[in-house]
Amino acid sequence: MNAAVATSVFGAFMVATVALGLLAVRGRGNRGRDGLAEWSVGGRSLGTVFIWVLMAGEGYTSFSYLGAAGWGYNYGAPVLYVVAYMSCGYAVGYVVGPMLWAYARRHGLVGITDMVAHRFGRPWLGALVAVLATVFLLPYIQLQITGMGVVVSTISYGAISLNWAYFIAFAVTTGFVVVSGLRGSAWVSVLKDVLVIATLGFLAFYVPMHYFDGYGPFLDRLVTEKSEWLTFPGHGDSGLGQAWFITTSFLNSLTVVIFPTTVAGYLGAKNADVLRRNAMWLPAYNVLLFVPMLLGLAALFVVPGLVGAESNLALFKLVVDSLPAWAVGVIGVAAALSSIVPMAVFMLVIGTMWGRSVLSLVPRWQQRQKGAAQTVVVVAGVLALVLTYTAPNTLVRLSLISYEGMAQLLPMVLLGLMWRRLTLLGAMAGLVVGVGVVCGFVFTENDPVWGVNAGTVALGANLAVALAVTYAGPREHDDRPDGDVLARDEPGVKQETVESRKPELSGVGVSEASDAPAGA
């Protein structure tokens, strides 16, 4: 009976989610040359509220309900890096977001692959970055499939096996993103945020009162019995000390601003001021992240003995143990939507990168970029599903692998768009070295290395090589003015539109410049 009630509540909300996504795109221009821009960046027309909830959705994924609680359960204090890097990342995004928005708007671009292709004047470079970014995004999609699968299996009280739950997560999200695109994700983010705030707010009050008679007794017991969890490097021989915390927070705060999904949120905004306001308000949302972390610590006393990936169940073990089935279903919906929204954006971004920068190099696909992108979405989802079955891992580890790999694009994207002297050869040499170093450390299980985040070490090597090759090699000849090559944010200055610059785009392989709407 409990399983029937909880899964019925869950199923009803999933139907409502798909319906909301369809409603969001009803009547929108979704064909022809503007189809990819409408599907992938919402027609560049989303306002402050939609951008806020969409980008907040990237911070509140299944990781928030499961991974944060799991790491709080396993290690304790090191999990606070999530709050640190996201808050610092929003501050960096206040500056970087409007610059990327203006650059993409001026030249009719829809992602970072377009940007690097345009910056260095090489269409093949966008294809290369698309392939590399896909490799490092797939673990994040796998993370969301794993998280949603755990939620579905748990709220069904075990009636639905994990393997079937993973498939349900894949099927629902893939169908949703193919149909609704970025605009549908933004609409569903509103529903998700209402449920997330309500359920986490309730659990923050309910769990300590139900199990410990209040926060005072709970915290007293935590300090007395589990003090190791409250200091670095946390519980166990994790190696996640202060140096790891600082370097991980630093690396991720820079990486998050060029993460393809973050950039998709930037480019969906109707103007740069939306992004500035968004950057000021988003850190307030991070306060809620303390709740699953704290509840993971509470689970130490209620459901002891969880090991490995089982620790991801810490929060939901408390929920299923203490709440009626309908409440379990509602909380399960909030957690599932926290997987669907970011997973939809990740899959959408992969599809857009391939449709725009890879398959568009094939003549017969040039006029069918949206269809190509939607096909890639399905393929990416299938690959992530296969990885979920064959190479499972804890949620935080998957997150770290994605960020450490994606960080190696920082010199090529950020430095390249701000410093004209950086050469293509230098950027490529640094990227090869950075990716090689990070893969070497991660796959030999030497992360952290010397107590430091391996991605930071790799990024340092990446940057050093890029600068050395740039200064040692010849200057590149490019007749384009700085305004065409570099990203600039000039508040109050009307942005020149792509329609007036079409002839200059043809040489860099950025197709369909008219995807950008008229006006600044």
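Predicted model only: the values in this text are computed from it and were never measured. (Residues numbered from 1 in each chain as written. Predicted model: local features only at pLDDT ≥ 70, side-chain atom pairs only at ≥ 80, totals over all residues. Heavy atoms only, no water.)

Undergrad: Please give an account of the overall build of the protein chain that cites residues and values.
TA: Helix and strand counts for the protein chain stand at 22 helices and 0 strands. Counting all 520 residues of the protein chain, 60% fall into the buried class. By sequence separation, contacts in the protein chain at least 24 residues apart represent 84% of the contacts at least 6 residues apart. (Helix = DSSP H or I, 4+ residues; strand = E, 2+ residues; numbered from the N terminus. Buried < 20%, exposed > 50% of the residue type's maximum accessible area, 1.4 Å probe, protein only. Contact = heavy atoms within 4.5 Å.)

Undergrad: Lay out the environment of R420 with the relevant residues and their values.
TA: As for its placement among the helices and strands, R420 is situated in the loop between α18 (410-418) and α19 (424-443). Other than its neighbours up to four places away in sequence, R420 contacts R119, D478, R480, P481, D482, V485 and L486.

Undergrad: Give me the nonpolar core: which residues, what numbers.
TA: Counting residues in each nonpolar core, the largest one holds 141 residues, and the members touching the most others are M115, I141, I145, L409 and M412. The dominant element in this core, judged by the number of residues it contributes, is helix α15 (residues 325-358), at 20 residues. Among all residues touching L409, those that are not within four sequence positions of it are I112, V129, L132, I258 and L431. (Core = buried A, V, L, I, M, F, W, Y, C linked by side-chain atoms within 4.5 Å.)

Undergrad: Go over the confidence of the model for the protein chain with me, naming the residues and quoting the values.
TA: The predicted model of the protein chain averages 81 in pLDDT, with 82% of residues at 70 or higher. No element of the protein chain has a lower mean pLDDT than helix α22 (residues 502-505), which averages 36, and none a higher one than helix α20 (residues 454-472), which averages 96. The model gives residues 39-43 a pLDDT under 50, and that stretch makes 28 contacts with residues more than four places away or in other chains. Across residues 493-520, confidence stays below pLDDT 50; counting only partners more than four residues off in sequence or on other chains, it has 73 contacts. (pLDDT = per-residue confidence, 0-100.)

Undergrad: Give a description of the packing of helix α6 (residues 112-120) against α18 that names residues and reports values.
TA: Relative to each other, α6 and α18 sit at 45 degrees, their axes nearing to 10 Å. Relative to α18, α6 is oriented oblique. Judged by the sense of rotation from one axis to the other, the crossing of α6 with α18 is left-handed. Along its contact with α6, which presents M115, V116, R119 and F120, the element α18 presents M412, V413, G416 and L417. Within the contact of α6 with α18, the residues separate by chemical class into 6 nonpolar, 1 polar and 1 charged. (Axes fitted to C-alpha atoms, helices over the stretch in contact; angles between N-to-C directions. Parallel < 35°, antiparallel > 145°, perpendicular 65-115°, else oblique. Left-handed = near helix turned anticlockwise from the far one by under 90°. Nonpolar A, V, L, I, M, F, W, Y, C, P; charged D, E, K, R; others polar.)

Undergrad: Which residues make up the pattern of salt bridges, and what values go with them?
TA: Per the stated rule, a full pass over the model turns up 5 salt bridges. Close ionic contact of D482 with R420 constitutes a salt bridge, the shortest N to O distance being 2.7 Å. In this pair, D482 sits in helix α21 (residues 482-485) while R420 sits in the loop between α18 and α19, placing the two residues 62 residues apart along the sequence. Residue class for D482 comes out partly exposed when judged on its relative accessible area of 41%. Residue classification places R420 among the partly exposed residues on the basis of a relative accessible area of 26%. A salt bridge links R480 to D478, with the nearest nitrogen and oxygen atoms 2.8 Å apart. For R480, a relative accessible area of 14% puts it in the buried group. Owing to a relative accessible area of 30%, D478 belongs among the partly exposed residues under this scheme. Salt bridges linked by common partners bring R420, D478, R480 and D482 together as one network. (Salt bridge = Lys/Arg side-chain N within 4 Å of Asp/Glu carboxyl O.)

Undergrad: Quick one: what's the story with the packing of aromatic side chains, residue by residue and with numbers?
TA: Going through the model one piece at a time under the given rule, you end up with 21 aromatic pairs. Taking 6.1 Å as the distance between ring centres and 90 degrees as the angle between the ring planes, the aromatic pair formed by W164 and F167 counts as edge-to-face. Taken together, the positions of W164 and F167, both in helix α8 (residues 162-212) and 3 residues apart, correspond to about one turn of that helix. Classification of W164 as exposed rests on a relative accessible area of 58%. Classification of F167 as partly exposed rests on a relative accessible area of 37%. Judged by centre distance (6.5 Å) and plane angle (55 degrees), the rings of Y211 and F212 are tilted. Among the aromatic residues, those joined into a ring-pair cluster are W71, Y75, Y81, Y85, Y140, W244, F259, F346 and Y403. (Phe/Tyr/Trp six-rings, centres within 6.5 Å; stacked < 30°, edge-to-face > 60°.)

Undergrad: Give a detailed account of unusual backbone geometry, specifying residues and quantitative values.
TA: Between F232 and P233 the backbone carries a cis peptide bond, its omega angle lying at 5 degrees. Topologically, P233 is positioned in the loop between α9 (215-225) and α10 (242-255). Geometrically, the link from D447 to P448 is a cis peptide bond, its omega value of 5 degrees lying close to zero. Position of P448 relative to the elements: it lies in the loop between α19 and α20. The backbone of W450 shows a phi angle near 55 degrees, a positive value even though the residue is not glycine.

Undergrad: Could you give me a rundown of the environment of P208, with the residues and numbers involved?
TA: Considering the arrangement of structural elements, one finds P208 in helix α8. Using a relative accessible area of 2% as the deciding quantity, one classes P208 as buried. Sequence spacing of P208 and A298 is 90 residues, and the spatial spacing of their C-alpha atoms is 7.6 Å. If we skip the residues at most four places from it in the chain, P208 touches L203, D213, G214 and Y215.

Undergrad: Give a detailed account of the environment of G126, specifying residues and quantitative values.
TA: Tracing the backbone through its elements, the reader meets G126 in helix α7 (residues 123-155). Its relative accessible area of 0% is what places G126 among the buried residues. Taking the C-alpha atoms as reference, G126 lies 9.6 Å from G111; in sequence the two are 15 residues apart. In contact with G126, other than residues within four places in its own chain, are T113, V116, A117 and S357.

Undergrad: Can you tell me about α10, naming the residues and giving the values?
TA: Here α10 contains 14 residues, and its C-alpha end-to-end distance of 20 Å stays within 8% of the 20 Å for a straight helix at 1.5 Å per residue. The set of residues buried in α10 consists of W244, F245, T247, T248, S249, L251, N252, S253 and T255. (Expected span 1.5 Å × (residues − 1).)

Undergrad: Tell me what's going on with a nonpolar patch on the surface, and back it up with residues and numbers.
TA: Residues Y94, V95, M280 and W281 make up a contiguous nonpolar surface patch of about 460 Å² in total accessible area. If you list the elements that add at least two residues to the nonpolar patch, you get α5 (81-107) and α12 (272-285). Within the secondary structure, V95 sits in helix α5. (Patch = residues over 30% accessible without salt bridge, like charges linked within 9 Å, V, L, I, M, F, W, Y side chains within 5 Å. Areas by Shrake-Rupley, 256 points an atom, 1.4 Å probe, with all protein chains shown as cover.)

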